[in-house]
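Architecture at a glance
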Amino acid sequence: MKSKNLLCVFLIFFTSFSIWSRGKQELIPSGHWIYDSVENICVELGIVNFADCQPMSIAELKVYLEEIDTSKLSDASLNEINEIYKYFEYEPLGFSSDIVNIGLEPSVNLSSFYKTNDDIDWIYNRYKRKPFINTPVSITASDYITLKMDLLLGMNKNSALKNDVYTNIPIREDYIDINFPDTGYFSTGYNFTQKTGISFQLGKGSRNIGKTLTGSIIWSDNITGVSYGQFTLFSPEIKYTGVVSQFNVDRYMYTHQVDARFFKKFQFSVLEGVFVNAPMELRFLNPFTIFHGMAPWREYDNTSRDSESHTCAYLGLKFQYTPFEKLKLYGLFAMTQFQTPYETSNYESDTTPNGLGGQLGSLYIIPLKSSRIKFSIEASYAQPYLYIKESPNWS
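Position numbers for residues start from 1 in each chain and track the written sequence from start to end. With the structure being a predicted model, the display of local features is reserved for residues of pLDDT at least 70 and the display and counting of side-chain atom pairs for 80 or more, all residues being used for whole-chain, interface and lining totals. To obtain the side-chain values, all non-hydrogen atoms of the structure were included, while hydrogens and water were left out.

Residues grouped as a nonpolar core are buried Ala, Val, Leu, Ile, Met, Phe, Trp, Tyr and Cys residues, joined through side-chain atoms within 4.5 Å. Throughout this description, buried means an accessible area under 20% of the type-specific maximum (1.4 Å probe, protein chains only), exposed means over 50%, and partly exposed covers the range between. Ile28, Ile34, Val38, Leu61, Ile68 and Phe88 are the most contacted members of the largest nonpolar core, which has 23 residues in total. Elements are defined by DSSP. Helices are runs of H or I of four residues or more, strands are runs of E of two residues or more, and each kind is numbered from the N terminus. The biggest single contributor to this core is helix α2 (residues 33–45), with six residues. Not counting residues within four places of it along the chain, the set of residues in contact with Val38 comprises Asn49, Ala51, Leu61, Leu65 and Ile84. Among the nonpolar cores identified, the runner-up in size contains 15 residues, and Ile209, Cys312, Leu386 and Trp394 belong to it. Residues are treated as being in contact if the distance between any of their heavy atoms lies within 4.5 Å.

Written out as structure tokens, the structure reads:
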């Protein structure tokens, strides 16, 4: 009887104070259904925006959603945009003190899978499987600060690869994932006007650059367990993003990206970066410079066999184009090495191979009364040594 009374007090305590919606600095995680919905809606209208880079804050995403003319949307897209705003306005279980709130979003996900051939990898792999119990915990200060992490009971990555595991329930002790959370972050930001704002995050989790079918060749959300610091200046037509990512001890990726949109129909992005196998350095934290111009490969233990020791230069290009309503064309390009004719003729002892790759694709949508038909095609190409240098420590 006493335990029932405690349970009732607990439920009343948490539900009575659940009177706030999600903070605007909360991040929509990479791969979330909201990004698919935004893409569908924008392609239907024949426009593009910057919502193909993830994660992003609710505050930033709202800037892009506010320019959508809902009077031109099909019933399916109207339903989707309503569901997006319902997600923003969701009130988690929790309690508050002044403008500070603590929230919980518990969920149970029961899944089972089966395959007939052990030589075939799981299609529903560890990247797609949800944990059996997931309880994101958040602390927010109105629309200015959000801290959030995922507490979970789920399968560890090694067990999820086994052929004889047919459910996401960790039925054995050695199946349990004790290395959580996979995602956790601090996020803050401020909107100067209705269309322009800044945001800053320190966190750990998946990121993605470019909306593709086969995973982005520039930066895919299959790269997990990476810690990062990210600064963003955003508006509907121009966006800047600077990121420092830490893969391991003394393994840092420094990138900056500039995005521009023209006439709401064409969007182009340039990303430059450098991967360095060395302690963090102040010169790479400069938010607006050209890393390649520093020639950092000359300053480490380079040899005639490895002239770019401890570093890997990086270039990424991306575009989206909607020539008319319901059709989107897109492309991505990545480069970690390109030997010019001058280099190959004057430095014959340097046998570093080129590393180039790209993707091209298209998406066509046919809206129906309450749904839609989507046609997609994509082609990918990568040279064998894209992302691969002389050592795995700077590859």
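The next subject is empty space enclosed by the protein. Picture a little ball the size of a water molecule; that probe, rolled over the atoms, points out where space is still empty. Cavity and pocket criteria rest on a 1 Å grid covering protein atoms alone: a 1.4 Å probe that fits but cannot get out defines a cavity, protein on both sides within 12 Å along at least 5 of 7 lines defines an open pocket, and an atom within 4 Å of a point defines a lining residue. Grid points are joined across faces, edges and corners, and a volume is the space filled by probe spheres set on the points. Evaluation of the coordinates by the stated rule reveals four cavities of 30 Å³ or more. Reported here for the largest cavity is a volume of approximately 130 Å³. Forming the boundary of the largest cavity are 15 residues, of which Cys53, Gln54, Gln230, Lys239 and Thr241 lie nearest the centre. When contributions to the lining of the largest cavity are tallied by element, the ones reaching two or more residues are β2 (53–54), β11 (208–209), β12 (227–234), β13 (238–248) and β14 (251–262). Looking at side-chain class alone, the lining of the largest cavity contains five nonpolar, six polar and four charged residues. Roughly 100 Å³ of internal volume is contained in the second largest cavity. What lines the second largest cavity is a set of 13 residues, and nearest its centre among them are Glu39, Cys42, Asn49, Gln320 and Lys328. Considering each element in turn, the lining of the second largest cavity owes the most residues, five residues, to α2. Polar here means any residue other than Ala, Val, Leu, Ile, Met, Phe, Trp, Tyr, Cys and Pro, which are nonpolar, and Asp, Glu, Lys and Arg, which are charged; Gly is therefore polar. A per-class count over the lining of the second largest cavity returns seven nonpolar, two polar and four charged.

Glancing now at the pairing of strand β16 (residues 311–321). At least two DSSP bridges between two strands are needed for those strands to be called paired. With 11 bridges joining them, strand β15 (residues 266–276) and β16 adopt antiparallel strand pairing. Bridged to Val270 within β16 is Leu317. As paired elements, β16 and strand β17 (residues 327–337) share seven bridges and run antiparallel to each other. Counted as the bridge partner of Leu315 is Met335 from β17. Where β16 folds back onto β17 in an antiparallel hairpin, the turn is made up of five residues, including Lys326, whose phi is positive at roughly 80 degrees.

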